[in-house]
Amino acid sequence: MKFLIGTRIWASLASIFLILLILGGASYRNTRGLTETAQRVTHTHVVITDLEDLLSTLQDAETGQRGYLITGEERYLGPYRDALRTLDSRIGALRELTRDNAAQQQRLAALGPLVTAKLAELKESIDLRRSKGFDAARKIVATDRGKQQMDDIRKLIDDMKAEEQSLLKRRDEEARASSHSLFLMLIGGTLLAAALVAIAGLLLTRSLFRMIGKLGQEMRESADVLAASIVEAAQAATQIAASSQQQMVGMDQVALAMDSIKQASLQNVSSTKQAESAAHNLSESGQRLISVLEQYRI
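Residues numbered from 1 in each chain as written. Predicted model: local features only at pLDDT ≥ 70, side-chain atom pairs only at ≥ 80, totals over all residues. Heavy atoms only, no water.

Let us now look at the side chain of threonine 44. Along the chain, threonine 44 falls in helix H1 (residues 2-71). Threonine 44 gets classed as buried once you look at its relative accessible area, which sits at 0%. With near-sequence residues (within four places) excluded, threonine 44 lies in contact with Glu164, Leu168 and Arg171. (Helix = DSSP H or I, 4+ residues; strand = E, 2+ residues; numbered from the N terminus. Buried < 20%, exposed > 50% of the residue type's maximum accessible area, 1.4 Å probe, protein only. Contact = heavy atoms within 4.5 Å.)

Relative to the assigned elements, histidine 180 resides in helix H5 (residues 145-252). Assessed through its relative accessible area of 49%, histidine 180 is described here as partly exposed. It is 10.0 Å that separates the C-alpha atoms of histidine 180 and asparagine 30, two residues lying 150 residues apart in sequence.

In this section: the nonpolar core. Grouped together as the largest cluster of nonpolar side chains are 28 residues, with contacts concentrated most on Leu54, Leu58, Leu87, Leu111, Val115, Ile153 and Ile157. Secondary-structure elements contributing two or more residues to this core are H1, helix H2 (78-97), helix H3 (102-132), helix H4 (134-142) and H5. Residue contributions to this core peak at eight residues, all from H1. (Core = buried A, V, L, I, M, F, W, Y, C linked by side-chain atoms within 4.5 Å.)

This part covers a nonpolar patch on the surface. A contiguous nonpolar patch, built from Phe17, Leu18, Leu21 and Ile22 and spanning about 430 Å² of accessible area, is present on the exposed surface. One can find leucine 18 in helix H1. Of the residues examined, leucine 18 reaches a relative accessible area of 48% and is grouped as partly exposed. (Patch = residues over 30% accessible without salt bridge, like charges linked within 9 Å, V, L, I, M, F, W, Y side chains within 5 Å. Areas by Shrake-Rupley, 256 points an atom, 1.4 Å probe, with all protein chains shown as cover. Salt bridge = Lys/Arg side-chain N within 4 Å of Asp/Glu carboxyl O.)

What follows covers unusual backbone geometry. The bulk of non-glycine residues show a negative phi, and the bulk of peptide bonds are trans. One non-glycine residue, aspartate 144, adopts positive backbone phi at about 65°. The residue aspartate 144 is located in the loop between H4 and H5 in this model. Aspartate 144 gets classed as partly exposed once you look at its relative accessible area, which sits at 45%.

On inspection of all chains with the given rule, the structure shows 18 salt bridges. One salt bridge connects arginine 145 with glutamate 124, and the closest N-O pair in it is separated by 2.6 Å. Note that arginine 145 is positioned in helix H5 and glutamate 124 in helix H3, a separation of 21 residues in sequence. One salt bridge connects lysine 147 with aspartate 151, and the closest N-O pair in it is separated by 3.1 Å. Of the two residues, lysine 147 and aspartate 151 both sit in helix H5, four residues apart, roughly one turn of that helix.

Right under this line is the structure:
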């Protein structure tokens, strides 16, 4: 019984610990997944921002070119010169950010020559404005070659942004699904752990009550046997006392009652044997009670 109760306690604790361990592992895995998803979402936003900055830089360069063509003043070429310094590094950064996306790498491969061609068209018109004046530069602009290049660049950048927006949407859905599954797992695991605690408590309580009932019954039986032995020993002691008293009386009448002394001695011997038997029974009953108490000690 003692081993059974101990086993149940350890089994209950082990089950609860296992559930908590599973919940902890699931929580760690989902939290790690959410962290990775958040990083990918941030990465996607960075790519979209860099694409917008790339397009904005080209538009600023084109705006500076037109201002210079109209006015002939060098100060309008500031955005164009800034574009010459930064566009290569911007394209390189985008290539690095999208190195794990083959489709985006292909679009960047097509975007590079378009940007180079657009910058060449801007430079050609600016050089003509310096050397041959406004009309020569206007003819270059009137061919719509630069406009077509910008349209192609915008289309590629829009396609790349659409790809990143699609990734962003998918990652957002993954994050929501992961959060929902984690919530359900935590709720379910908590309820299961609570149910196991309740069931384990109920089973252990019932086992303890049964054990206490059985222990009480055996203790009562041992106590009854012990009481009977005590009564038997008391009776034997009374008989010994009576025999001793008879011997004392008989000693005063030694000469006249030798037969009575003999009979009293025989009776004393018999009573002594009964006392020894009762004491033996008393000892056995006491040992049995002690054994029962030690057996059900918790």
